[in-house]
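Residue strings, one per chain:
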Amino acid sequence: MPDYPRIATLRTAEAFAARLQQLEIDLGFDAEIITGPDAPLAQSYTLEHGFTLSNRLCVLPMEGWDGTTDGHPTELTQRRWKRFGLSGAKLIWGGEAVAVQPDGRANPNQLMINAATVGDLAHLREILIAAHREQFGTTDDLLIGLQLTHSGRFARPTGALEPRILYHHPLLDSKFGVDPELPVMSDDEIARLVERFVAAAKLAKQAGYAFVDVKHCHGYLGHEFLSARTRPGRYGGSFENRTRFLREVVDGIRSTVPGLDIGVRVSAFDIVPFQPGEGAVGEPTPFQGTSYDYAFGGDSSGLGLDLSEPCDLMDLLADLGIELVCITGGSPYYNPHIQRPALFPPSDGYQPPEDPLVGVARQIAVTAQLKAHRPDLLMVGSAYSYLQEWLPNVAQHVVRTGKADFVGLGRMALPYPDMAADMLQGTPLDRRRICRTFSDCTTAPRKGLVSGCYPLDEFYRQRPEKETLDEIKPDLRR
Ligand SMILES: Cc1cc2nc3c(=O)[nH]c(=O)nc-3n(C[C@H](O)[C@H](O)[C@H](O)COP(=O)(O)O)c2cc1C
Ligand code: SF4
């Protein structure tokens, strides 16, 4: 395993700064945390229509692979959402991915939204709100959305991969065994899917959610539209065609569900898929040809970034009246080191090809560039968990200097959801609960188990799945 210094060993601001300098990355941080009314993270943010959120922390969507096979939440789902409510963050971005139709589920235990589940999805939100109210006194400043998805290329509605693709991808098709003859989704199927998204948004409003996230990230269908340059017809080729699905869903929601806000979580940059190379260290998958045309926000080399189209997308969102944007990158399935920087790879990953701090800095820099391009959009940043002890210092710096409006907490929200409250109150961090990016929360579902923080959350440590995970992990390492 590459020998990157562990964050916990970078104990002083000088040591952390020296490591950043060594890596030649521009990752600003504040050595001192400001608390009280002047704390940057405790500043309010008012949306255009007047709703005010009273701090700058956000819980990112985190699914648990723990719904019922017909798409209802279980007690495990409820526990996670309750903890999101107890976090102290005032923005709950989507809760977790919820499929709009059965063939779009990423796993047989993903939540679904339909007439049968809408009551339970309303209850999930109520559980979160009740916990938040009890802990923090009010929910008048709490904004909760629901993430709507179709998993496209990564759909596994019954367990096995049953991909629904928009175009044949030369590297992803072979990496995931997609039949070269598999028909792509037709324009008519897409038009019907637009209707499903709109119907799902209507149900989300009925269930009390303030906004829906029309998910465009992580290699799932919404994201695949953005890179469908080789697809002929209405939904491929030009930027206008590749964003048609988004525009049609937004138009449909606007005309049928007035009063519901819309957000978009987008993978704003991407690179080629990575694979384990020598010593299982990740390396780029080679591709034939001189120009790689399959990465939205990536350049033609397949490894560099080009944010010109993501900037155009931000302009489009603003034109569509969408204020809520959550920036992420890449995909957990084919380049996890850029999507969720970690020291320890999940079972289907590879050893990190760069110090994970580089991955954190990349997401922060991309978000900052997009924010500078469209200061009028509310932008949430992702991928802060690897910062561990230094998360509050970087988060404060990012918000104080306007590089993002909200700092999102993903994996950290599993073992230590109330890190948000501790940061806001200036309470010393509980080091025993800091996510160390062991990736068990990703490895477990890859092996058919429910997700959770098995190493650090006592509740999951006691569950029988922990034993199974401990048994299979040495094999995985070999
Ligand atoms: C177990 C797990 C579940 C996740 N579920 C979702 C999800 O449902 N929707 C989504 O957009 N991202 C999901 N993500 C990605 C996170 O929201 C986040 O982008 C990523 O973990 C990086 O942020 P972090 O460094 O704070 O963890 C998930 C990540 C993990 C590890
Ligand atoms: S299992 Fe726990 S410590 Fe490991 S990455 Fe997930 S949240 Fe972090």
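Residues numbered from 1 in each chain as written. Chains lettered and ligands numbered in written order. Predicted model: local features only at pLDDT ≥ 70, side-chain atom pairs only at ≥ 80, totals over all residues.

S.K.: How should the overall build of the chain be read in this particular structure?
M.R.: Along the chain, the regular secondary structure elements total 16 helices and 14 strands. Its C-alpha radius of gyration of 21 Å places the chain within 12% of the 23 Å reference for a compact globule of 478 residues. In terms of principal-axis extent, the alpha carbons of the chain reach across some 55 × 50 × 50 Å. Here the chain, with 478 residues, has 50% of them falling under the buried criterion. Across the chain, contacts joining residues at least 24 apart in sequence account for 72% of those joining residues at least 6 apart. (Helix = DSSP H or I, 4+ residues; strand = E, 2+ residues; numbered from the N terminus. Rg over C-alpha atoms; globule rule 2.2 N^0.38 Å. Buried ≥ 20, exposed ≤ 12 C-beta atoms within 10 Å, placed from the backbone. Contact = placed C-beta atoms within 7 Å.)

S.K.: Before we go on, may I ask you to explain the packing of helix α2 (residues 75-86) against helix α3 (residues 118-136) in this structure?
M.R.: Helix-helix packing: each pair is described by the crossing angle between the helix axes and the interaxial distance. Where α2 contacts α3, the two axes come as close as 7 Å, and the packing angle between them is 35°. As for how α2 packs across α3, the hand of that crossing is right-handed. Along the contact surface, α2 presents T77, Q78, W81, K82, F84, G85 and L86, while α3 presents L124, I127, L128, I129, A131, H132 and Q135. (Axes fitted to C-alpha atoms, helices over the stretch in contact; angles between N-to-C directions. Left-handed = near helix turned anticlockwise from the far one by under 90°.)

S.K.: So what exactly am I meant to see when it comes to the domain arrangement of the chain here?
M.R.: When the parts come together, some accessible area is lost, and that loss is often what is quoted as the size of the interface. With domains assigned, the chain is organised as domain 1 (27-437) and domain 2 (438-478). Of note, the centres of domain 1 and domain 2, computed from C-alpha atoms alone, are 23 Å apart. Across the boundary between the two partners, domain 1 contributes 18 residues, which contact 15 residues of domain 2. Here the residues of the side of domain 1 that touches domain 2 sort into nine nonpolar, four polar and five charged. (Domains from an automatic or database assignment. Nonpolar A, V, L, I, M, F, W, Y, C, P; charged D, E, K, R; others polar.)

S.K.: How should I be thinking about the site of ligand 1 in this particular structure?
M.R.: Among the 23 residues in the neighbourhood of ligand 1, the closest are listed as P61, E63, S385, G410 and R411. In terms of residue class, the shell around ligand 1 is built from eleven nonpolar, seven polar and five charged. (Near = placed C-beta within 6 Å.)

S.K.: Would you explain helix α8 (residues 244-256) in this entry?
M.R.: The α-helix advances 3.6 residues per turn, and as a result positions three or four apart in sequence lie on the same side. Under the 1.5 Å per step criterion, the end-to-end length of α8 is 18 Å for 13 residues, consistent within 8% with the ideal 18 Å. Among all positions of α8, only R244, F245, L246, V249, V250 and I253 are buried. Looking at the buried positions of α8, the neighbouring elements they touch are α5 (187-206), β8 (211-214), α6 (221-226), α7 (239-242) and β9 (261-267). (Expected span 1.5 Å × (residues − 1).)

S.K.: Whenever I open this one, the site of ligand 2 confuses me. Can you help?
M.R.: Looking at ligand 2, there are 14 residues lining it, with C435, F438, D440, C441 and C453 nearest. Among the residues forming the shell around ligand 2, the class breakdown is nine nonpolar, two polar and three charged.

S.K.: Just checking my understanding: could you explain the nonpolar core for this structure?
M.R.: Within soluble globular proteins, side chains that are nonpolar tend to cluster in buried spots. If you look at the biggest cluster of nonpolar residues, it comprises 133 residues, and the most contacted ones within it are C58, L148, F197 and L409. With nine residues, the top contributor of residues to this core is α5. When residues of this core are sorted by domain, at least three fall in each of domain 1 (27-437) and domain 2 (438-478). In this structure, C58 is in contact with A89, L91, W93, V380, F406, V407, G408 and L409, ignoring residues within four places of it in sequence. (Core = buried A, V, L, I, M, F, W, Y, C linked by C-beta atoms within 7 Å.)

S.K.: What am I meant to see in unusual backbone geometry here?
M.R.: One non-glycine residue, H218, adopts positive backbone phi at about 65°. Position of H218 relative to the elements: it lies in the loop between β8 and α6. In this structure H218 comes out as buried when scored by C-beta crowding, with 26 C-beta atoms within 10 Å. The backbone of T437 sits at a positive phi, close to 55°, despite the residue not being glycine. Looking at the secondary structure, you find T437 in the loop between α13 (419-425) and α14 (440-446).

S.K.: Even after reading the chapter, I still don't get the pairing of β8, so can you show me in this structure?
M.R.: As a general feature of sheets, a regular strand has side chains that alternate between the two faces. Side-chain alternation along β8 places F211 and D213 on one buried face and V212 and V214 on a second face that is also buried. As paired strands, strand β7 (residues 143-149) and β8 are joined by four bridges and run parallel to one another. Of the residues in β8, the one forming a bridge with G145 is F211. Sheet topology places β8 next to β9; three bridges connect them, and they run parallel. Counted as the bridge partner of F211 is D261 from β9. (Pairing = 2+ DSSP bridges.)

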